[in-house]
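Letter by letter, the chains look like this.
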Amino acid sequence: MEISRHWRLRKQRYALVGEVCPHCEAKLFPPRDICPECGQEARTTYNFSGRGEVYSYTTVYEPPAGYEENAPYTVALIKLEEGPIVTAQLTDLGDQPVEIGTPVEMVTRRLRQDGDERGMIVYGYKFRPVLARVSA
Amino acid sequence: MMSEVVIAGVGQTPVEEHWDKSLRELGLMALKAAVMDSGGLRPQALFVGNMFAPQLSRQAHLGALIADFAGLTGIEAATIEAGGASGGAALRAAYLAVASGAVDVAMALGVEKFSDVIGAKVDAALATGGDSDYEAVQGLTPTAQAALLMRRYLYEYEVPRQAFAGFPLIAHANGVNNPNAMFRKAISEEVYRQAGVVSDPLNLFDVAPLADGAAAVLLTRADLLPPGFPHRLVRIAASSMATDTLALHDRPDPLDFRAARLSVERACEKARITPAQVDLFELHDAYSIYAALSLEAAGYAERGQGWKLAQNGAEPAVVSLRGRLPISVLGGFKARGNPGGAAGIYQAVEATLQLRGEAGENQLPNVRRAMIQNLAGPASSAVTHLLEALDG
């Protein structure tokens, strides 16, 4: 069931909480406690904006166990505006073609389901194309 | 002072779907073949390269399993796991055991059994080689990850999509003459062009097939070889391993296979050679994009230019059997097949056969030095060995 495992990551999965290095200002997501830029301890939390752009993308037709119901789905590398890259599914695409450079924003969606209707459902971040602003 | 380590014996099973053979039976076949090839040397230590047995065969503890099944109870034995580079890492463990003087004879045995489980469970097992919390949870598979790299490569370097055909064409042509290869049929550019998409832009021929197999290498010191040793002697001139971030997204430049580069630099430094002094390069062509990135990481091509080494022009392609730097000489991952944690040992077996002059129809003329490189995922781990024929 791995309940505690997913619970521990709730701030990352639901709110993109990473870290900022107090020594060199590097922004880190996922949090890693030792800054890869300067090698010093980095434990100051930092809230990422959730905005970024597509760095690369592909489609998964043969999903791993637990991901069958969404297949085929688009998975991407997203370059966040603060610098780090994250791996995430793209969602809410409609008929819109994805391209490298497409601006995207974070949303919370269902990631996977374990087993039958009684199985645990894991939620987390996905990214969708930035919605056009509706003018009043 | 480190002792000189020589390859006393090699053994392998065909790479295929071995429905009739278990993990331990495959392991024993390769182990026995290597012992016989050496003239009967008995290993004092066994290092098993394997990644998937705990997940796909519900079997961990392969050291005791295989030592026991081989009638070698009592010896030292353990699994070495480093994802897809488990075979290379097991070879390095065996090398260090002999080089250090800790044992006289060590065996590196790679074994993998995929075919007892099919479909989504295999894909879930494969995904455990990456970052479970931040990659696999998003439904990312190793194949999708290779596709992400290939798309970015095509975009950044403005490379034509068909450019990658060269790698599977060469691998399949070379696999024809390998009796242990999974695919022994050459393919054409047209076949490549029309192949179905696996994970865009990767097509079926950009992805090496996973299959069962076992391979073994027996290492010792030259002075311990049985009298009348019948093979040209091959030594391990250097062994090195390097790591990168586990997750691809944690790298400042995902198209730079840094661990691959570091492991080549370290191996060449130890052997006091440059990569240009290598006569063949068994690289990790689990995906055609990885072949290109490995050639670039090793310094054989500039960034974004690795694919050009697989293009035929007035001369045959540089990395073809008749080129200056042959790769995948007995089919590589693509045609021989990708037996997961055993693949790194297959590379060592195939390179040894070439250096001994025992490679059959695909024997290269005048080869003295081979580089073999085994990667895990997008080079999150990289193991490089230099093998050298000793003349005389």
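Before any of the text, the structure's been laid out above.
Structural notes, computed from the coordinates.

Basis of the calculations
- Residues numbered from 1 in each chain as written.
- Chains lettered and ligands numbered in written order.
- Predicted model: local features only at pLDDT ≥ 70, side-chain atom pairs only at ≥ 80, totals over all residues.
- Heavy atoms only, no water.
- Helix = DSSP H or I, 4+ residues; strand = E, 2+ residues; numbered from the N terminus.
- Rg over C-alpha atoms; globule rule 2.2 N^0.38 Å.
- Contact = heavy atoms within 4.5 Å.
- Areas by Shrake-Rupley, 256 points an atom, 1.4 Å probe, with all protein chains shown as cover.
- Lys, Arg positive; Asp, Glu negative; His and termini not counted.
- Charge placed at Lys NZ, Arg CZ, Asp CG, Glu CD.
- Buried < 20%, exposed > 50% of the residue type's maximum accessible area, 1.4 Å probe, protein only.
- Core = buried A, V, L, I, M, F, W, Y, C linked by side-chain atoms within 4.5 Å.
- Pairing = 2+ DSSP bridges.
- Buried area = accessible area lost by both parts, 1.4 Å probe.
- Salt bridge = Lys/Arg side-chain N within 4 Å of Asp/Glu carboxyl O.
- Polar contact = N/O pair within 3.5 Å; in protein donor to acceptor, adjacent residues only side chain to side chain.
- Nonpolar A, V, L, I, M, F, W, Y, C, P; charged D, E, K, R; others polar.
- Disulfide = S-S within 2.5 Å.
- Expected span 1.5 Å × (residues − 1).

## What to know about the overall build of chain B
Stage number 1. A count of helices and strands for chain B gives 12 helices and 11 strands.
Stage number 2. By the compact-globule yardstick of 21 Å for 392 residues, chain B fits well, its C-alpha radius of gyration being 19 Å.
Stage number 3. Counting only C-alpha atoms and orienting by the principal axes, one finds that chain B spans roughly 55 × 45 × 40 Å.
Stage number 4. In chain B, the share of contacts with a sequence separation of at least 24, taken over all contacts with a separation of at least 6, comes to 77%.
Stage number 5. Of the roughly 14000 Å² of accessible surface on chain B, 51% is carried by carbon and sulfur atoms.
Stage number 6. Between the averaged position of the 32 positive side-chain charges in chain B and that of its 41 negative side-chain charges there is a distance of 2 Å.

## Digging into the environment of Thr13(B)
Residues and elements named next belong to chain B.
Stage number 1. When you line up the elements, Thr13 lands in the loop between β1 (6-12) and α1 (23-38).
Stage number 2. Overall, Thr13 belongs to the buried group, its relative accessible area being 1%.
Stage number 3. When the C-alpha positions of Thr13 and Arg369 are compared, they lie 24 Å apart, and in sequence the two are 356 residues distant.
Stage number 4. Setting aside anything within four residues of it in sequence, one finds Thr13 in contact with His18, Leu26, Met29, Ala30, Asn180, Gly213, Ala214 and Tyr346.

## Some details on the nonpolar core
All names here are of chain B.
Stage number 1. One finds Phe164, Ile289, Leu295 and Leu386 to be the most contacted residues of the largest nonpolar core, which totals 77 residues.
Stage number 2. With 8 residues, helix α6 (residues 142-157) is the single largest residue contributor to this core.
Stage number 3. Those residues in contact with Leu295 that lie beyond four places of it in its chain are Phe167, Phe281, Leu283, Tyr300, Ala301, Gly306, Leu309, Val319, Leu325 and Ile327.
Stage number 4. Counting 42 residues, the second-largest nonpolar core is a separate cluster that includes Val103, Ala215, Leu364 and Ile372.

## Section: the pairing of strand β2 (residues 45-49) of chain B
Residue and element names in this part refer to chain B.
Stage number 1. Counting buried positions along β2 gives 5 out of 5 residues, so the element sits mostly inside the fold.
Stage number 2. Both faces of β2 are covered, namely the face carrying Ala45, Phe47 and Gly49 and the face carrying Leu46 and Val48.
Stage number 3. Where β2 and strand β3 (residues 76-80) come together, 5 bridges link them in parallel fashion. Directly across from Leu46, in β3, lies its bridge partner Ala77.
Stage number 4. The sheet contact formed by β2 and strand β4 (residues 106-112) spans 5 bridges and is parallel. Counterpart to Leu46 in the pairing with β4 is Met107.

## Regarding the interface of chain B and chain A
Buried accessible area, meaning the area lost when the parts come together, often serves as the stated size of an interface.
Stage number 1. Each side of the interface is counted separately: chain B has 30 residues, and chain A has 33 residues.
Stage number 2. Buried surface at the junction of chain B and chain A, summed over both partners, amounts to about 2800 Å²; 55% is from carbon and sulfur atoms.
Stage number 3. On the chain B side of the contact with chain A, Tyr134(B), Gln138(B) and Leu148(B) bury the most area, a combined 27% of that side's loss.
Stage number 4. For the interface between chain B and chain A, the tally reads 2 salt bridges.
Stage number 5. A salt bridge links Arg32(A) to Asp250(B), with the nearest nitrogen and oxygen atoms 3.2 Å apart.
Stage number 6. The interface formed by chain B and chain A includes 17 residue pairs in polar contact (both at pLDDT 80 or more).
Stage number 7. For the side of chain B that touches chain A, the elements supplying multiple residues, two or more each, are α5 (120-127), α6 and β5 (197-199) of chain B.
Stage number 8. The leading source of residues in the side of chain B that touches chain A is α6(B), at 7 residues.
Stage number 9. Across the side of chain B that touches chain A, the residue classes break down as 14 nonpolar, 6 polar and 10 charged.

## Here's the deal with the state of the cysteines
Stage number 1. What the rule picks out here adds up to 0 disulfides over all chains.
Stage number 2. As a non-bridged cysteine, Cys24(A) has Cys35(A) as the owner of its nearest cysteine sulfur, 3.6 Å distant.

## Things to note about α6(B)
Stage number 1. Taking 1.5 Å as the rise per residue, α6(B) with 16 residues should run 22 Å; its terminal C-alpha atoms sit 22 Å apart, in good agreement.
Stage number 2. Counted residue by residue, α6(B) has 12 buried out of 16 residues, so it is predominantly covered.
Stage number 3. Within α6(B), the full set of buried residues consists of Thr143(B), Ala144(B), Gln145(B), Ala146(B), Ala147(B), Leu148(B), Leu149(B), Met150(B), Arg151(B), Arg152(B), Tyr153(B) and Leu154(B).
Stage number 4. Where α6(B) is buried, its residues touch β4 (51-60) and β5 (73-80) of chain A together with α8 (189-194), β5, β6 (202-203) and α10 (288-297) of chain B.
Stage number 5. Backbone geometry just downstream of α6(B) places Glu158(B) in the positive-phi region, at approximately 50°.

## Things to note about unusual backbone geometry
Stage number 1. A cis amide bond links Phe29(A) with the next residue in sequence, Pro30(A), at an omega value of -5°.
Stage number 2. In this fold, Pro30(A) is placed in the loop between β2 (27-28) and β3 (44-47).
Stage number 3. The omega angle of the peptide bond from Asp200(B) to Pro201(B) is 5°, so this bond is cis rather than trans.
Stage number 4. Topologically, Pro201(B) is positioned in the loop between β5 and β6.
Stage number 5. Positive phi, normally seen in glycine, also occurs at Ser328(B), with a value near 45°.
Stage number 6. As for its placement among the helices and strands, Ser328(B) is situated in the loop between α10 and α11 (332-336).

## Structural notes on the side chain of Thr59(A)
Stage number 1. Of note, Thr59(A) is situated in strand β4.
Stage number 2. On the accessibility criterion, Thr59(A) (14% relative accessible area) is buried.
Stage number 3. In terms of polar contacts, Thr59(A) uses its side chain to reach the side chain of Asp200(B), at 2.9 Å.
Stage number 4. For Thr59(A), the contacting residues outside a window of four places in its chain are Pro72(A), Tyr73(A), Thr74(A), Val198(B), Ser199(B) and Asp200(B).

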